[in-house]
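# Commentary on secondary and tertiary structure
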Amino acid sequence: MIGKKGRKKWPRVLALVFILMIVSACAYAFYVYNSLTSAVDTMQEPIQREKSEKREETITLKEREPFSVLMLGVDERQGDKGRSDTMIVLTVNPDLKSVKMLSIPRDTRTDIIGHGTEDKINHAYAFGDVGMAIDTVEDFLDIPIDYYIKMNMAGFKDIVDAVNGIDVTNETDFNMGKFHFNEGSIHLNGSEALSYVRMRKNDPNGDFGRQQRQRQVIQGVINKGASFSSLTRFDDIFAALGKNVKTDITFNEMMDIQKNYKDTRNNIQQLTIEGDGQYFGDIWYLIVPDEERQRVQGELKDHLGLPQ
């Protein structure tokens, strides 16, 4: 039986435990915050570029305005900055609570803005780095590109491993490198995910099938990274991002996106742009008809709330 003195002590003990829990939570939050800001500092790579002619005023994320991002997946090699093997445009609309994701086929023939040539769109990065890639995509789609994210594809496996792998639904049974991918729902680690998105030659849908797998993996990483279970792996996630990702999105802008746009990640709508293969000399290109390009331009402009 607990005496009066014992009963009086219990509130104090509970109060002390509660205070210690708050202090521990604050210390953990501070540690996470410091780790995140350190990773973002490493990721920061602003580009010298004039304001886009496609947008009259600079957007404000605090006011929940729709925005766009160009994602570049780059195969970087020693002594060679490589080409943008993957080019994906995201438009984000918080009012519609949706993201539209367009993979631009890398062999698409278009004007390379700032280089004075027509070439494969993925060559723009090799000719003039991120700035020329953005200018070329803006011209091709006739929309502003507000931000960019560049990912080293060789290190992409680190990011997938950091979130403890991802689940995708594979539509084509195939082998790639040392891996076999069964049709249906499969779990991928980092090395498997990299092989999964790189297969193209044996896909009956060619580059379009490859784009579909790229979108699956990106969405898988977004979903796992945002899940509660990933909180215990934040050190690995931040380290992988800091080492393999560059962007001009600032830390404060990331916080605004997390606060004002978080509902959009649950509704990612995938767009495609199609064309016909054609040789110029001995080089194969994808030629996108004007009406097809205008169709996609109209859908993206509408999602960004821009005039047609």
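Presented here is an overview of the structure given in this document. None of these values were measured; they are calculated from a predicted model.

### Here's the deal with helix α4 (residues 190–198)
Owing to its 3.6 residues per turn, the α-helix aligns residues three or four sequence positions apart on the same side. For α4, the full list of buried residues reads G190, A193, L194, S195, Y196 and V197. A distance of 3.2 Å separates the backbone nitrogen of S191 from a side-chain oxygen at the start of α4, and that oxygen is part of N189.

### Description of empty space enclosed by the protein
Counted by the stated rule, this structure contains 2 cavities of 30 Å³ or more. Space inside the largest cavity adds up to approximately 120 Å³. Along its surface, the largest cavity is lined by 13 residues, and G73, T86, M151, M153 and I218 are the ones closest to its centre. Those elements giving two or more residues to the lining of the largest cavity turn out to be β1 (67–74), β2 (84–93), β6 (147–152) and α5 (206–225). Among the residues forming the lining of the largest cavity, the class breakdown is 10 nonpolar, 3 polar and no charged.

### Focus: the sheet that holds strand β12 (residues 268–271)
In spatial order, the strands read β11-β6-β1-β2-β3-β12; together these 6 strands make up an open sheet with mixed pairing. Since the sheet does not close on itself, it has two edges, and those belong to β11 (245–247) and β12, each with one partner. Neighbour to neighbour, the strand axes of the sheet diverge by 20° on average, direction disregarded. Across 6 bridges, β1 lies against β6 in parallel orientation. By the bridge assignment, G73 is partnered in β6 with M151. Set on the sheet, helix α2 (residues 123–141) makes contact with β1, β2, β3 (98–103) and β6; between it and β1 the angle comes to about 140°.

Conventions used here
Residues numbered from 1 in each chain as written. Predicted model: local features only at pLDDT ≥ 70, side-chain atom pairs only at ≥ 80, totals over all residues. Heavy atoms only, no water. Buried < 20%, exposed > 50% of the residue type's maximum accessible area, 1.4 Å probe, protein only. Helix = DSSP H or I, 4+ residues; strand = E, 2+ residues; numbered from the N terminus. Polar contact = N/O pair within 3.5 Å; in protein donor to acceptor, adjacent residues only side chain to side chain. 1 Å grid on protein atoms, 1.4 Å probe; cavity = no way out; pocket = protein on both sides within 12 Å on 5 of 7 lines; lining within 4 Å. Points joined across faces, edges and corners; volume = space filled by probe spheres on them. Nonpolar A, V, L, I, M, F, W, Y, C, P; charged D, E, K, R; others polar. Pairing = 2+ DSSP bridges. Axes fitted to C-alpha atoms, helices over the stretch in contact; angles between N-to-C directions. Contact = heavy atoms within 4.5 Å.

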